[in-house]
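Coordinate analysis (summary)
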Amino acid sequence: NYIHSIKVKILILLGLLLSIFLLSMYFSKSYIIFNIFVLFILAYKVELKKIVQYFWVIKLPLVLLFLFFSIVGIIENYAFIDVNRGIRYSFGAIYATDFASSIFYIYMAYLYIKNNIKLYDVFFGILLAVFLDIYTDARLSVFLIYMASILFYLVDKKYVKILKKFISRTYMKFIFIIMFLISFITSYLYNASNINWYNFNKMLSNRLYLGNRSLSNYDITLFGQKIEMQGNGWTLKEWDSSLGYNFIDSSYLQWLLIYGIIFATTMLILFTLSYFRAISINDYKLVLCLMLIAISGFVEQHILNIVNNPFIFAIVPIIFMDRKEVEFNYEKS
């Protein structure tokens, strides 16, 4: 019955997507994307809000538990000392930015499933951002939490028409593609000898330099390649001094370099169609989630991290959709 409920042309699309995912998995030696594909299949006909609710109910207690254990010393509270930014605590995560990203997604999930955002929800978000700023110095997550707290409040209030008009503009609908291009172009063109590029790179915690180095060291292929990445986070492995810091922080550059052009293009199309669909069904909270996630991908690798990001399942209705079920209203949106 499960198979029979899926139309033939959708099965063909699934076969094409499976081929892309398997080829990228084979060349990248990364099984994560295959796991994602399987979860996409299992999420067929499951409402996104239900998935986000279960994510919130499960993820929040776990993060709080690890936070408590790390503070009282049951598990290690990994701390990285940055000469320019002080001590950055991980609170049970492998790195400070991973903990901050978890908090961002948990808070955004809360805002997405809650009806009628109140001022105390905004105030709580501001407190979270201040806490993360002090103890993790994860600047992007801090910025995104500030943005989420304000935008989700406005989407339910009298400014909703102005906000909806902004997030529905033509260029905003292609924000995933735009952020991908910004990530690629800025990394490719980065020049350390130029003072403007130097300052911009410093503001982004050296990510332009790292992106530029990755683009220089690795070829861009159709279906990706295996890349050994090594970051500053907690790990059981010994530090490989010959490799040095070799982590690709940008989600978009990871898609391109590790999984290849075909996979990166596929994900950009699916996320862009998800954005269009969210507008067409007037789910403006989902639009905000996708917009903030697209921005995060510029300097963070968590878009495809199903442990952090439940909104990746916004792709599922696109995969199983036909024209009779959902029509994108391009003119009104």
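Before reading on, note that the structure itself is shown above.
This text gives an overview of the structure that appears in the document.

Rules of the game
Residues numbered from 1 in each chain as written. Predicted model: local features only at pLDDT ≥ 70, side-chain atom pairs only at ≥ 80, totals over all residues. Heavy atoms only, no water. Helix = DSSP H or I, 4+ residues; strand = E, 2+ residues; numbered from the N terminus. Expected span 1.5 Å × (residues − 1). Contact = heavy atoms within 4.5 Å. Buried < 20%, exposed > 50% of the residue type's maximum accessible area, 1.4 Å probe, protein only. Polar contact = N/O pair within 3.5 Å; in protein donor to acceptor, adjacent residues only side chain to side chain. 1 Å grid on protein atoms, 1.4 Å probe; cavity = no way out; pocket = protein on both sides within 12 Å on 5 of 7 lines; lining within 4 Å. Points joined across faces, edges and corners; volume = space filled by probe spheres on them. Nonpolar A, V, L, I, M, F, W, Y, C, P; charged D, E, K, R; others polar. Phe/Tyr/Trp six-rings, centres within 6.5 Å; stacked < 30°, edge-to-face > 60°. Salt bridge = Lys/Arg side-chain N within 4 Å of Asp/Glu carboxyl O.

**Let's talk about helix α1 (residues 8-28)**
The end-to-end C-alpha distance of α1 is 30 Å, a good match for the 30 Å that 21 residues give at a rise of 1.5 Å each. Buried-residue contacts for α1 involve α2 (32-42), α12 (251-259), α13 (261-280) and α15 (316-319). The positive-phi residue at the C-terminal boundary of α1 is K29, with phi of around 60°.

**Examining the environment of K285**
In this fold, K285 is placed in helix α14 (residues 284-296). With relative accessibility at 12%, the residue K285 sits in the buried group. Along the sequence, K285 and L151 sit 134 residues apart, while their C-alpha atoms lie 9.0 Å from each other. Excluding its chain neighbours within four sequence positions, the residues that come into contact with K285 are L111, Y112, K114, N115, N116, I117, F152, V155 and D156. At 3.1 Å, the side chain of K285 forms a polar contact with the backbone oxygen of L111. Engagement of the side chain of K285 in a polar contact is seen with the backbone oxygen of K114, the distance being 2.3 Å.

**Quick word on empty space enclosed by the protein**
Overall, the coordinates contain one cavity of 30 Å³ or more when judged by the stated rule. Lining the largest cavity are 15 residues; nearest its centre among them are S187, R207, G211, S250 and L253. Among the elements of the structure, α9 (175-189) and α11 (207-217) are those that each provide at least two residues to the lining of the largest cavity. Split into classes, the residues belonging to the lining of the largest cavity amount to eight nonpolar, five polar and two charged.

**Section: unusual backbone geometry**
A positive phi angle is found at D137, which is not glycine, with a value near 50°. Mapped onto the secondary structure, D137 falls in the loop between α5 (119-135) and α6 (139-155). Looking at D137, the relative accessible area reads 13%, which means it is buried. With a phi angle near 70°, N206 is a residue other than glycine that sits in the positive phi range. Inspection of the secondary structure assignment puts N206 in the loop between α10 (195-203) and α11. With relative accessibility at 33%, the residue N206 sits in the partly exposed group.

**Quick look at the packing of aromatic side chains**
Under the counting rule described, the total for this entry stands at 25 aromatic pairs. Ring geometry for F80 against Y95: centres 5.9 Å apart, planes inclined by 65°, an arrangement best described as edge-to-face. A residue pair is termed long-range when its members are at least 10 positions apart, and F80 in strand β1 (residues 79-82) and Y95 in the loop between β2 (86-89) and α4 (96-113) qualify at 15 residues. On the numbers, 5.1 Å between centres and 50° between planes, the contact of F91 with F99 is tilted. In terms of burial, F91 and F99 fall into one category: buried.

**Digging into the pattern of salt bridges**
As enumerated under the stated definition, the model contains three salt bridges in all. In this structure, the salt-bridge partner of D121 is K114, at a minimum N-O distance of 3.3 Å. Note that D249 is salt-bridged to R207, the shortest N-O span being 4.0 Å. Taken as a pair, D249 in the loop between α11 and α12 and R207 in helix α11 lie far apart in primary sequence, 42 residues in all. Given the relative accessible area of 11%, D249 is considered buried. On the basis of relative accessibility, which here comes to 18%, the residue R207 falls in the buried class.

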